[in-house]
Amino acid sequence: MDEAAHRLDFDAAVSVYAPDAVWEGRASGMAFEGRTEIRGFWEDMTVAYEEFEWRSEEILDLGNEVTFVVSRASGRPVGSSGWVELRLAIVAVWEEGLIVQGTTYTDIDEARAAADRLAEERG
């Protein structure tokens, strides 16, 4: 999925989500349900950039079908010479090999604590 996101191959990137998966942004308060909405969010987010990169810095399997990922998104907005960057964490819940719930956090420590709690609760 990480390589697909880096290539902006949205079809491949959302193929790891369950058809009815939910993607939530803690800081933005936005939520998207289903592959089509999640794909649309990623397309909408990247269209404002002439160049865009997505890289995961850390990927942890916490057990009990919970993963914790720290990623960095950076891009050069259309018509700009400067780059903007966002570092975020994603807590994902998996079932039968697909993500059913993804939550993004801009506070990495908050996300790590939430992921640890969730993995423990699901154990």
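Analysis parameters
Residues numbered from 1 in each chain as written. Predicted model: local features only at pLDDT ≥ 70, side-chain atom pairs only at ≥ 80, totals over all residues. Heavy atoms only, no water. Core = buried A, V, L, I, M, F, W, Y, C linked by side-chain atoms within 4.5 Å. Buried < 20%, exposed > 50% of the residue type's maximum accessible area, 1.4 Å probe, protein only. Helix = DSSP H or I, 4+ residues; strand = E, 2+ residues; numbered from the N terminus. Contact = heavy atoms within 4.5 Å. Expected span 1.5 Å × (residues − 1).

Caption draft 1: Structural view of the nonpolar core. Y17, W23, I38, W42, W54 and I90 are the most contacted members of the largest nonpolar core, which has 20 residues in total. Sorting the residues of this core by element identifies α2 (10-14), β1 (17-25), α3 (34-46), β3 (49-63), β4 (66-77) and β5 (84-95) as the ones contributing at least two each. In terms of residue count, β1 provides more of this core than any other element does, four residues in total. Setting aside chain neighbours within four positions, we find I90 in contact with W23, W54, T67, F68, V69, S71, T103 and T104.

Caption draft 2: Representation of α3. A rise of 1.5 Å per residue sets the reference length of α3, with its 13 residues, at 18 Å; its end C-alpha atoms lie 19 Å apart and thus fit the reference within 8%. Every buried residue of α3 is accounted for by G34, I38, G40, F41, W42 and T46. Contact partners of the buried residues in α3: α2, β1, β2 (31-33) and β3.

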